[in-house]
Amino acid sequence: MVQSCESTTESSAPKKQFGITRPISLAGPTRGDLLRTAELEKILVEAGLYESEEEAIKRKEVLSEIEKICKDWVKQLTEQRGYTEQIFEDANAVIFTFGSYRLGVHGPGADIDTLCVGPSYVNREEDFFIILHDILMENEEVSELQPVPDAHVPVMKFKFRGISIDLLYASVSLLIVPQDLNISEESVLCNVDEATSRSLNGCRVADQILRLVPHVKNFRTTLRCLKYWAKRRGVYSNVTGYLGGVNWALMVARVCQLFPKASPSMLVARFFRVFTQWRWPNPVMLTEIEENKELGFTVWDPRKYHTDKKHLMPIITPAYPCMNSSYNVSASTLRVMCEQFEHANEVCRSVELNNASWRGLFEPFPFFEVYKNYLQVEVVAAYEEDHRLWKGWVESRFRQLTLKIERDTSQQLQCHPYPSEFTDPSKRLPHCAYFMGLARNDSAAPAAAGQLKFDIRDTVDEFRADVFSYLYWKPQMELFVSHLRRKNIPNFVFPEGYKRPRPVRPAGAGKRTSVSPGSEESGSPAGGGTERNGSGSPAGGRNLGKRPMVEGSGEPDGQRPGKRLSTGSPAGGSIGKNGSPAGGGEEGSGLPAGKGKRRICEGCSEERMSPCKKRVGESRNGSPAGGGESRNGSPAGDDGLKRVESVELVTIGDLNENGSAVKEPSNTIEAALKAHTAGSNSNSETPEKPLRHVISNSKILNLALHF
C-alpha cells in the first residue's frame, strides 16, 4: 500500500514544463545521435566559432574599463548638478550585457551588446549622446565612434581596443542605481518611456531565454550551429529583412522546449523539420503573452492592433512588454527563408540516414548562380569616414527597396536581397556594393504570372529620394542602382575573384543520377542549392528556370527555337550535335578535347579555347551591344567608377515614350556612353557633371526587367 502511495505521489507530482505547450518528444539521444553531435561540434571548432582564452580575457577587461568610464561620467554629472555629497558618493551606473555575449554564443571578433543603466537625472538626449560621446571621443582607445540617436533602439557604436561595442542607455526612476540591480524585475520599467523600455528589453529577453530552455549547453551548441548556417546561406541579417541573433535564439529555444532531452544534432534536425512545417504567421512564443495594466506598455496583439496583424513571421519576445522581434521580415525574405529551411531539412534527413555529412549543411548559398536578373546598389563616398556613415544609412534603408518593389508590382516580382556587401579592390574611392536577386512570382494571379516585363524606374527613384534624405548627407556621397544580368555579374563578388566555369559532364554520359546533398559530383557546391544541369533553382524551393539551362549560355534551352547554338561556349562547355556537352573541347575548333590554351575572346569577353564568331560590340543576335547587355563579365573597368557608370547606362537599356522597349539605344544613352567611354580612355582631368543627376532621370534610367 505504501508502495502504491509512493507511486501515486510520484505520478501526481507536477513536472516542470518549458513553453506554452507540452513537448513533442521526450526521447533522448541514441549512440548515433551522440556521434553526429561530436561531428557537428568538430565542424564548429574548425570553422573558428569559439574565441580563444586571451580574447575572452580581453573582452572582460574592455567591459570593466567601459563601466569605469560610465561611473565617472555619472559622478561628473552628479557633481555639476549640485547634489549632496552623500548622493555624489553613491552615484552609480551599472553595465549589463545582452545578445550573443550574454547568451554565451559569441565568436571571435563579434561585437558586445552592452546596456548602461543610470539614475533618473541623467538623460539620453544630451548627457549620453553629447557629454558621454565627447568623453569617448577624447579616449585614445576608442575608434569609429558613431552615435545613432534616431534608431528604433538608440545606440552608440564604437570600437574599444579593437573590440566592437554597441552601447545603449536606460535611465531608470531611481536616484541611486544599486550595483546588484535586478533588471528582470518589472519594477525597473516604472516611469520610463518607450525607447528606454526597448533598451532594457534586450537584457531582460536574454535572461528569460536562458531561464526557459531545459538544457543551456545544448541550447548554446544548437544556436551556434544555426547562426553559422544562416550566415553561410545568406539569411542572417535583421536589417536586410531576415532574422538576427535574437530571432534565431528564440526559435532555437522553442525547439529546445519541444524536445527537452534531445542532443544538439537532434535539435538541429528537429529545428528544420518543425519550421519547414510551421504555418506562418502563427507566432513563435516561449511563454504566454502577459499584460500589465499598471505599467501600461503596449504588447503584441494582432486582435487589437492593425499593424501587428500585418506581421508575416512573428517571433515574440518572452519578457514584458512582449513584442515581435521580426517585424522587418517581408514576403520576399520569408519566401527565401522557407526555401532554405526546406533545403536544410533534406540535408538533415540525409545526414540521419548516413547518406551525407554535416558539412553539406554549411555549404554557402550560390546566390549569383540562381537568378537571371539582379539589382546592384553601389555606395560611394570620397573619404573612409564618410563612407562608413553613408554605408550604414544605406544598409538600414535597403530593406525599403524590397518593400517598395513588392508594393509596386503587387508582389508579382520577388526580391532576394543578399545581406553581405562586396568591394571591388580595383577601385580607388571608398565604396561597396549590395545585390538583390529578382524573379517573377509564378504563384501570382494567372494574368500576372505571364508578365515578362516590370518597370521599376519610379520605385528606384523613390528609394533614391528616401536614401538622399539622409540628415548628414554630403555632396561626395553617391548611390548608383543598376540592373545586371547573371552573365554580367562583376568578378569581384566571387571568392576566387573570377567566375568559375560551369561544370561539364563527360561526352557520352548517360542519364543523370541523383546525387545526395554534400556530394561534390553534383556540379555545384555541396548543399549549394543548384541542380546539376545548372538551372540555378533554389535548393528546396521552386525551380526558377523550368527548362534546363544551356551550359555556358546563361539562357534556357529552347528559348530561341530554330536557332543553332553558338560554338563559342567556354572550353569544356560546348554543345555537341546531339545537344549534349562535348567531351572537353570545342566543336569545329580543330582542337582535341583537353588541348589548347584558354584565352579571352574579344567578341564576348569570355574565356574560350578559340575565338567565337561574334565581332566586338555585337550582342547574341548580332545587333549592337548598346541596346542589350554588356558582354563584359564585370561592369568595372580599369579606370574605376567612371567605367561602372557607363556600363550601368548600357546594360539597362531604354524605353520609347509609349513604354515599348527599343532594340537599339536612344541618342541620349548613346551619346552618354560615347562621352563616358571617351573620358575613361583619355588622360583628361576635366571634371564631369555628377552622374547622380543623370541616373536619377527616369527618361534615361530604365529598370524594365525582361524575363
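A. Geometry of the overall build of the protein. Looking only at helices and strands, the protein has 19 helices and 13 strands in total. Classification of the 707 residues of the protein by burial places 50% in the buried group. Sequence-distant contacts, at least 24 apart, represent 69% of the contacts inside the protein between residues at least 6 apart. For the protein, the computed accessible surface area is about 33700 Å², with 50% contributed by carbon and sulfur atoms.

B. Layout of a nonpolar patch on the surface. Together, Tyr83, Leu175 and Ile176 make up a nonpolar patch on the protein surface, roughly 230 Å² of accessible area in all. The topology assignment puts Tyr83 in the loop between helix H3 (53-80) and helix H4 (85-90).

C. Structural detail: the sheet that holds strand S5 (residues 163-171). Judged by pairing direction, the sheet is mixed, and its five strands sit side by side in the order S1-S2-S5-S4-S3 without closing on themselves. Looking at which strands have only one partner, the edges of the open sheet turn out to be strand S1 (94-98) and strand S3 (142-148). Adjacent strand axes in the sheet meet at a mean angle of 25°, parallel and antiparallel pairs treated alike. Of the pairings in the sheet, the one linking strand S2 (residues 112-118) to S5 comprises seven bridges and is parallel in character. The residue of S5 that forms the bridge with Gly118 is Ser171. Here helix H7 (residues 194-212) sits on the sheet and contacts S1, S2 and S5; the angle it forms with S5, its principal contact strand, is near 120°.

D. Quick peek at the packing of aromatic side chains. Applying the stated rule across the entire model yields 38 aromatic pairs. Ring geometry for Tyr228 versus Phe362: centroids 4.9 Å apart, planes at 35°, classification tilted. Of this pair, Tyr228 sits in helix H8 (residues 216-232) while Phe362 is found in the loop between helix H12 (331-352) and helix H13 (367-370), placing the two residues 134 residues apart along the sequence. The residues Tyr228 and Phe362 share a single accessibility class, namely buried. Ring geometry for Trp390 versus Tyr470: centroids 5.9 Å apart, planes at 40°, classification tilted. In this pair, Trp390 is assigned in helix H14 (residues 384-408) and Tyr470 in the loop between helix H16 (457-467) and strand S10 (478-485), connecting sequence segments 80 residues apart. By the burial criterion, Trp390 is buried, and Tyr470 matches it. What links up through ring pairs into an aromatic cluster is the set Trp229, Trp248, Phe271, Phe272, Phe275, Trp278, Trp280 and Phe341. Against the face of Tyr236 rests Lys231, its NZ or CZ located 4.9 Å from the ring centre.

E. Focus on the nonpolar core. Among the nonpolar cores identified, the biggest contains 80 residues, and Leu115, Phe219, Trp229, Phe271, Phe272 and Leu361 are the most heavily contacted of them. Looking at this core, the element that brings in the most residues is helix H9 (residues 245-258), giving nine residues. Excluding its chain neighbours within four sequence positions, the residues that come into contact with Phe272 are Leu226, Trp229, Phe341, Ala344, Asn345, Cys348 and Leu361.

F. Quick peek at the pattern of salt bridges. Applying the stated rule across the entire model yields 27 salt bridges. With a closest N to O distance of 2.8 Å, Glu51 and Arg59 form a salt bridge. Between Asp455 and Arg457 there is a salt bridge, with the nearest N and O atoms lying 2.6 Å from each other. We classify Asp455 as partly exposed; its relative accessible area is 40%. Take Arg457: its relative accessible area is 17%, and that puts it in the buried class. A network of salt bridges, in which partner residues are shared, links Lys404, Arg407, Asp408 and Glu462.

Conventions adopted
- Residues numbered from 1 in each chain as written.
- Predicted model: local features only at pLDDT ≥ 70, side-chain atom pairs only at ≥ 80, totals over all residues.
- Heavy atoms only, no water.
- Helix = DSSP H or I, 4+ residues; strand = E, 2+ residues; numbered from the N terminus.
- Buried < 20%, exposed > 50% of the residue type's maximum accessible area, 1.4 Å probe, protein only.
- Contact = heavy atoms within 4.5 Å.
- Areas by Shrake-Rupley, 256 points an atom, 1.4 Å probe, with all protein chains shown as cover.
- Patch = residues over 30% accessible without salt bridge, like charges linked within 9 Å, V, L, I, M, F, W, Y side chains within 5 Å.
- Salt bridge = Lys/Arg side-chain N within 4 Å of Asp/Glu carboxyl O.
- Pairing = 2+ DSSP bridges.
- Axes fitted to C-alpha atoms, helices over the stretch in contact; angles between N-to-C directions.
- Phe/Tyr/Trp six-rings, centres within 6.5 Å; stacked < 30°, edge-to-face > 60°.
- Lys NZ or Arg CZ within 6 Å of the ring centre and 35° of its normal.
- Core = buried A, V, L, I, M, F, W, Y, C linked by side-chain atoms within 4.5 Å.

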